[in-house]
Structures are given as C-alpha cells and as structure tokens.
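If you want the building blocks of each chain, they are given just below.
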Amino acid sequence: MLNEGIATMAVGMGTVFSFLLILWAVVAFLGVVVGYLNKIFPAEVQAVTTTVKKVAGDVEVAIALAAAKLRK
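Residues numbered from 1 in each chain as written. Predicted model: local features only at pLDDT ≥ 70, side-chain atom pairs only at ≥ 80, totals over all residues. Heavy atoms only, no water.

Draft legend 1. Quick peek at the overall build of the protein chain. The secondary structure content of the protein chain amounts to two helices and zero strands. A globule of 72 residues ought to have a C-alpha radius of gyration of about 11 Å, yet the protein chain, at 32 Å, is considerably larger. Overall size of the protein chain, expressed as C-alpha extent along the three principal axes, is 85 × 45 × 10 Å. Split into buried and exposed, the 72 residues of the protein chain put 0% on the buried side. Working note: accessible area of the protein chain is about 7,400 Å², and carbon and sulfur atoms make up 73% of it. The distance from the centre of the 6 positive side-chain charges to the centre of the 4 negative ones in the protein chain is 17 Å. (Helix = DSSP H or I, 4+ residues; strand = E, 2+ residues; numbered from the N terminus. Rg over C-alpha atoms; globule rule 2.2 N^0.38 Å. Buried < 20%, exposed > 50% of the residue type's maximum accessible area, 1.4 Å probe, protein only. Areas by Shrake-Rupley, 256 points an atom, 1.4 Å probe, with all protein chains shown as cover. Lys, Arg positive; Asp, Glu negative; His and termini not counted. Charge placed at Lys NZ, Arg CZ, Asp CG, Glu CD.)

So, in structure tokens, the structure goes:
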C-alpha cells in the first residue's frame, strides 16, 4: 500500500514538473517571438503633453481659510 502511494506521488509530481518545464519553455519562446516582432513592428511613441496647473496664491488661501472658519 505504501509503495502504491509513493508511485502515485511520483507520477503526480512528475506530471506537475513536466507541465512547469513545458510552461517555462513556452513563455521563454514567446518572449523571444515578441521581442522579434517588436523589432519588426515598433510601437508608436506618443508625445506627452503636460499642463501647468496654477498654484493658489496667498489671497486665495486666505479666502479659503476665512470661509472655513465661518462655516464652523
């Protein structure tokens, strides 16, 4: 009975190990394929536009603080 359990365990672990090896090989192969395809068909680089946000001045901060104090 113990030998059957060990045999079942060995078959199961061998199956999982084989699957992981195949998965690793496929992922590595696809990495090479995608790298090759990126050289053939490079992605377009879009220009990044930035906007400058206006920082509140002293007057706006004072008005906001006064309004907050009046609400209390």
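The structure having been displayed, the exposition proceeds.
Draft legend 2. View of a nonpolar patch on the surface. A cluster of nonpolar side chains, contributed by Val16, Phe19, Leu20, Leu23 and Val27, occupies part of the molecular surface with about 480 Å² of accessible area. Secondary-structure assignment places valine 27 in helix α1 (residues 2–40). (Patch = residues over 30% accessible without salt bridge, like charges linked within 9 Å, V, L, I, M, F, W, Y side chains within 5 Å. Salt bridge = Lys/Arg side-chain N within 4 Å of Asp/Glu carboxyl O.)

Draft legend 3. Structural detail: the environment of glycine 35. Mapping glycine 35 onto the fold places it in helix α1. The spatial distance from the C-alpha of glycine 35 to the C-alpha of alanine 47 is 23 Å, given a sequence separation of 12 residues.

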